[in-house]
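Residues per chain are reported as follows:
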Amino acid sequence: MFIGVKTKILLTVLAIVLLFTIFSFYYFPAQQGKTLLTNYKSEVQNQAKTIALGASIALSEQNFKGLKTAMDFVKENEELKFVSLIQKDTVWNDGHTDFSIEENILSSFPENHSHQTDIATNDSIIVMKAPFSTDIMNGEIMLGVSTDSINVRKRKIRFTALLISTAIFLVGMLIGLWLSRNISHPVLALRKAAKRVGEGDLTSEVKSSSKDEIGELAIAFNNMVKDIKKLSDLTLHQEKEKQQLLASQNEALEKQVEERTSELRKSLEKLQSAQAQLVQAEKMASLGELTAGIAHEIQNPLNFVNNFSDLNTELLDELQEELQKGNTEDVQQLIKDLRENETKIVFHGKRADTIVKNMLQHSRSNSSGIKEETDINALVDEYLRLAYHGQRAKNKSFNAILKTDYDESIGKINILSQDIGRVVLNLLTNAFYIVNEKKEMNISQYDPTISVSTKRKDNFVEIRISDNGNGIPEKIVDKIFQPFFTTKPTGQGTGLGLSLSYDIIVKGHGGNLSVNTKEGEGTDFIIQLPYKS
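Residues numbered from 1 in each chain as written. Predicted model: local features only at pLDDT ≥ 70, side-chain atom pairs only at ≥ 80, totals over all residues. Heavy atoms only, no water.

Caption draft 1: Unusual backbone geometry, seen in detail. One non-glycine residue, Asn442, lies in positive phi territory at about 55°. For Asn442, the position within the fold is in the loop between helix H7 (417–439) and strand S8 (449–457). Here the phi dihedral of Asp458 falls at roughly 50°; this positive angle occurs in a residue that is not glycine. Asp458 gets classed as exposed once you look at its relative accessible area, which sits at 70%. (Helix = DSSP H or I, 4+ residues; strand = E, 2+ residues; numbered from the N terminus. Buried < 20%, exposed > 50% of the residue type's maximum accessible area, 1.4 Å probe, protein only.)

Structure representation (structure tokens):
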């Protein structure tokens, strides 16, 4: 909320005036009233003491007329309400173990005035007591005086304070109006001029005839506006010169930009081509790893097919001989053996067919982008064996301990199976490479071990691939998923395997790929895939 200077000055003066007014109207009369009441009480107390002294002397001399004279001392006081002589007697109980003081009014003025001995001071009366003691009796003088005169004087003081407070308030407000007018008007004029300058009017001036700081501020403002106008004119002139210079330079730059753009376009095309070749090289490297494993895997079912085919040929020869002999029982047994062998041939033929189809699916350069229900445990186990046999195809002496722990409750999940297969194959190939590298260091009692597990956790499936190799140095852990970063010797890796794997998991499936490693002890790669994609 905006509050002007004039309003602020008025509010400030009003606050000060109100404080003085409150002080004059409340505090001063209250203090004066207290002083009057205190003095008046002291005066009444002194009168009571004087009467008590006179009564004490009269009683000591047994001059009862003097006692009356002492009490007549205050009869002429117009404010007198009563004056009483009170006798105090000590009364013991029957056993003389305790006593009490009894008070009796012996004499009082006015004589028809009745009151209690325990009456106390209040707003309408002041009661003071003065004790005395003689051989005849002990007692006290009780004097009661009206407060009417005090109240009248208080009202006069309050009325006087009201007049003074009103005068202070009026004078203060007049001073506030005068101050606000003499300060706010020049400030408002300065604000209007500054606003016009802000809107671009550099001819604006502040007219002020005051010989104070505000007048000096107005003069400084006018000088500043003149300087700004000069600077603005100079800037406009320089700006025109710059525009002309820029126009000529722009023509030359446009020609250079066209030439550079053409060169950059050609460089970009070459770079995109090289990038595509590198990605294809990484895929082909992955395909090479897969092919080596598949070659070993497919060899087993083919050996079974060939062996059982040869065995069936021998059984057919025996069958023909038994038919010629007419041995029916042996013929039936041979036929049964032939059927069993054919069943095994079909089983291993289908096994070889499945391996070939998986290879063709993996070798596709472009994914269809359609996710399919896939048994993740079977997929991981398949690529584990293919990666292991691929490593053995490179190094016949290589052996490793394979540990698996598959969560059978996972079932099937929606994934791009060929892409996830590439990721698993890449991680396993790297793991076998690492443990083989550590094995060649001839560390005693070291057994290369690869652990693969799957587990369902809430709304995602976790695939964990672990090795007991040398681990990843802490200084390069943050770089392993960057494109073209590799720790393998030159010519043995493109540095795109982990980068492509990360994109497949994170961008292609909305999952996560992370790594836990301890240098010298091993590495865990954790794949997390949404349970329902």
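Caption draft 2: The pattern of salt bridges, seen in detail. Counted under the stated rule, the structure contains nine salt bridges. Linking Asp503 and Lys507 is a salt bridge whose minimum nitrogen-to-oxygen distance equals 3.8 Å. Taken together, the positions of Asp503 and Lys507, both in helix H8 (residues 497–509) and four residues apart, correspond to about one turn of that helix. For Asp503, a relative accessible area of 29% translates into the label partly exposed. Taken together, the shared-partner salt bridges connect Lys457, Glu462, Arg464 and Asp524 into one network. (Salt bridge = Lys/Arg side-chain N within 4 Å of Asp/Glu carboxyl O.)

Caption draft 3: Geometry of a nonpolar patch on the surface. Taken together, Leu18, Ile22, Tyr26, Phe169 and Leu170 make up a surface patch of nonpolar side chains, about 470 Å² in accessible area. Secondary-structure elements contributing two or more residues to the nonpolar patch are helix H1 (5–60) and helix H3 (148–198). Here the nonpolar patch takes three residues from H1, the largest share from any one element. Mapped onto the secondary structure, Leu18 falls in helix H1. Relative accessible area serves as the criterion here: at 37%, Leu18 is assigned to the partly exposed category. (Patch = residues over 30% accessible without salt bridge, like charges linked within 9 Å, V, L, I, M, F, W, Y side chains within 5 Å. Areas by Shrake-Rupley, 256 points an atom, 1.4 Å probe, with all protein chains shown as cover.)

Caption draft 4: Broad picture of the packing of aromatic side chains. Overall, the coordinates contain three aromatic pairs when judged by the stated rule. Seen from their ring centres, Tyr388 and Phe432 are 5.7 Å apart, and the 45° between their planes marks the pair as tilted. Remark: Phe432 occurs in helix H7 and Tyr388 occurs in helix H6 (residues 376–394); sequence separation between them is 44 residues. One exposure class covers both Tyr388 and Phe432, and it is buried. Through successive ring pairs, a cluster of aromatic residues spans Tyr388, Phe398 and Phe432. (Phe/Tyr/Trp six-rings, centres within 6.5 Å; stacked < 30°, edge-to-face > 60°.)

Caption draft 5: Seen up close, the nonpolar core. Counting residues in each nonpolar core, the largest one holds 43 residues, and the members touching the most others are Ile376, Ile420, Leu428 and Phe432. For Phe432, the contacting residues outside a window of four places in its chain are Leu384, Ala387, Tyr388, Gln391, Phe398, Ala400, Leu402 and Ile450. Counting 25 residues, the second largest nonpolar core, distinct from the first, contains Val44, Ile126, Ala130 and Ile150. (Core = buried A, V, L, I, M, F, W, Y, C linked by side-chain atoms within 4.5 Å. Contact = heavy atoms within 4.5 Å.)

Caption draft 6: Here's a closer look at the pairing of strand S4 (residues 138–146). Taken across its nine residues, S4 has eight buried, putting it largely inside the fold. Hairpin remark: strand S3 (residues 125–133) followed by S4, antiparallel, with four residues in the connecting loop. (Pairing = 2+ DSSP bridges.)

Caption draft 7: Spatial organisation of a negative patch on the surface. On the surface, Glu251, Glu254, Glu258, Glu259 and Glu263 cluster together to form a negatively charged patch. If you trace the backbone, Glu263 turns up in helix H4 (residues 213–325). (Lys, Arg positive; Asp, Glu negative; His and termini not counted. Charge placed at Lys NZ, Arg CZ, Asp CG, Glu CD.)

Bear in mind that shape data such as this cannot, by itself, settle questions of function.
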